[in-house]
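Letter by letter, the chains look like this.
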Amino acid sequence: MRARLFSVFIFVALYFCAPLIAQAQAFETKARQAYLIDAETGTVLFAKEEDAPVPPASLAKLMTAEIVFDALGKNELTLDTEFPVSEHAWRTGGAPSGTSTMFAVLKSRIRVADLLQGVTVQFANDACIILAEGMAGSEGAFARRMTERARELGMTASAFHNATGLPDPQNAVTMRDMALLARHIHTRYPEFFRHYSQAEFEWNKILQRNRNPLVAANIGVDGFVTGFAEGFGYSMVATMQRNGRRVFLAIGGLASDKERIEETRRVLDWSMTAFERKTLFLAGEAVGEAAVYGGAQSHVTLVTRDAVDVLVPVNNPERLSAKVIYRWPLTVPLETGRHAGTLKIWNGTRLLREVPVETAGAVGEGSLGSRAADALQELLFFWL
């Protein structure tokens, strides 16, 4: 069918009016880029230049850690697997480098369990390189795996050329990708996420405290990582849990370490007090309907599998709107629960979240007459 070939979309608009009360003050941040999402609903709470490519610096180590977490889950290695410390790892990320390091000893062998603590607690460059070389044979091969994995996770704009985030023109991330990666790590690997809140780690008789300054501030932040890149500034990926809610923030382009700490804390505090939760649809409630080609009925009801909640500003003057987007038309036979499209929800012009929709019932093949009528309708649609 030409309709499927050309991916024609139909938009079904549904509107929900928020109370028209006093205009909420627009929130601003000193950061050049930022992306803030609610953990449970995925609602976008704040976005600013979130798709601008920037140097990752140590933020890249989130991707390095994810590769290792994934490999452990697939039994490609164990926490007791040992990898050697090469001269490249030692010189580039170890004691001679003057960068973040766990002080791995040249030509020694270190367990994956200890290397992971080096990455998550100390943001250690030597630990990243040792893991990369041990798992992929070279840091370059591991970096290609990082980029491939990023695409699998829906990180469409990020690319990696090393495991550390050290300066390289081919390294690039976005704040959107970093926040989504942080949420993925927290959800998928709870047994390893706990390392990000570990207070300290000792290796080679050297004790180092967690390099994330907000972890020790006792404000609810329990991960992730900080970064700095010349020409871009200071950045951070952080997650906070407070009063039963969790958020994920990626923020960058700040002028100093002091400003990074203050601004990250301010944005996180705001996220916990400025929003209220609204339920737009209950689980299984109709959100729209889609046209069916050649079916015993011309349309099928579309529903969401779970309740659809969003967070909106407490004083919200904007109009909430939703659109069901699907590929026109659906074809028979249709079974109940078939994925059919996406529900997109906006607060004013800001996209809050996207939710899969599915068919609420089955639709069998229609009569010869109904199929002929549908074919004529499709022909007229494309002719017009």
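A few points on the structure. Everything numeric in this text was worked out from a predicted model, so none of it was measured. (Residues numbered from 1 in each chain as written. Predicted model: local features only at pLDDT ≥ 70, side-chain atom pairs only at ≥ 80, totals over all residues. Heavy atoms only, no water.)

**Describing helix α2 (residues 61–73)**
Inference 1: Over its 13 residues, α2 runs 18 Å from end to end, which matches the ideal 18 Å to within 8%, given 1.5 Å per residue.
Inference 2: Most of α2 is tucked away, with twelve of its 13 residues classed as buried.
Inference 3: Turning to α2, its buried residues number three or more, namely K61, L62, M63, T64, A65, E66, I67, V68, F69, D70, A71 and L72.
Inference 4: Once α2 finishes, N75 follows within two positions and takes phi at roughly 60°, a positive value. (Helix = DSSP H or I, 4+ residues; strand = E, 2+ residues; numbered from the N terminus. Expected span 1.5 Å × (residues − 1). Buried < 20%, exposed > 50% of the residue type's maximum accessible area, 1.4 Å probe, protein only.)

**Points about the packing of α2 against helix α5 (residues 125–136)**
Inference 1: Where α2 meets α5, the closest approach of the two axes is 11 Å, and the angle between their N-to-C directions is 45°. By the angle class used here, α2 and α5 are oblique. The crossing of α2 and α5 is left-handed. Taking contact as the criterion, the partners of K61, T64, I67, V68 and A71 in α2 are, on α5, N125, C128, L131 and M135. (Axes fitted to C-alpha atoms, helices over the stretch in contact; angles between N-to-C directions. Parallel < 35°, antiparallel > 145°, perpendicular 65-115°, else oblique. Left-handed = near helix turned anticlockwise from the far one by under 90°. Contact = heavy atoms within 4.5 Å.)

**So, the packing of aromatic side chains**
Inference 1: Applying the stated rule across the entire model yields twelve aromatic pairs.
Inference 2: Considering the side-chain rings of F201 and W203, the 6.5 Å spacing of their centres and the 10° angle between planes classify their relative orientation as stacked.
Inference 3: The class for F201 is buried, based on a relative accessible area of 6%.
Inference 4: By relative accessible area, which is 24% here, W203 ends up partly exposed. (Phe/Tyr/Trp six-rings, centres within 6.5 Å; stacked < 30°, edge-to-face > 60°.)

**A closer look at the side chain of T43**
Inference 1: In this structure, T43 sits in the loop between β2 (33–38) and β3 (44–48).
Inference 2: T43 gets classed as buried once you look at its relative accessible area, which sits at 0%.
Inference 3: A polar atom in the side chain of T43 sits 2.7 Å from the side chain of T41.
Inference 4: A polar side-chain atom of T43 sits 3.3 Å from the main-chain amide nitrogen of L311.
Inference 5: Those residues in contact with T43 that lie beyond four places of it in its chain are L36, I37, D38, D309, V310, L311, L352 and R353. (Polar contact = N/O pair within 3.5 Å; in protein donor to acceptor, adjacent residues only side chain to side chain.)

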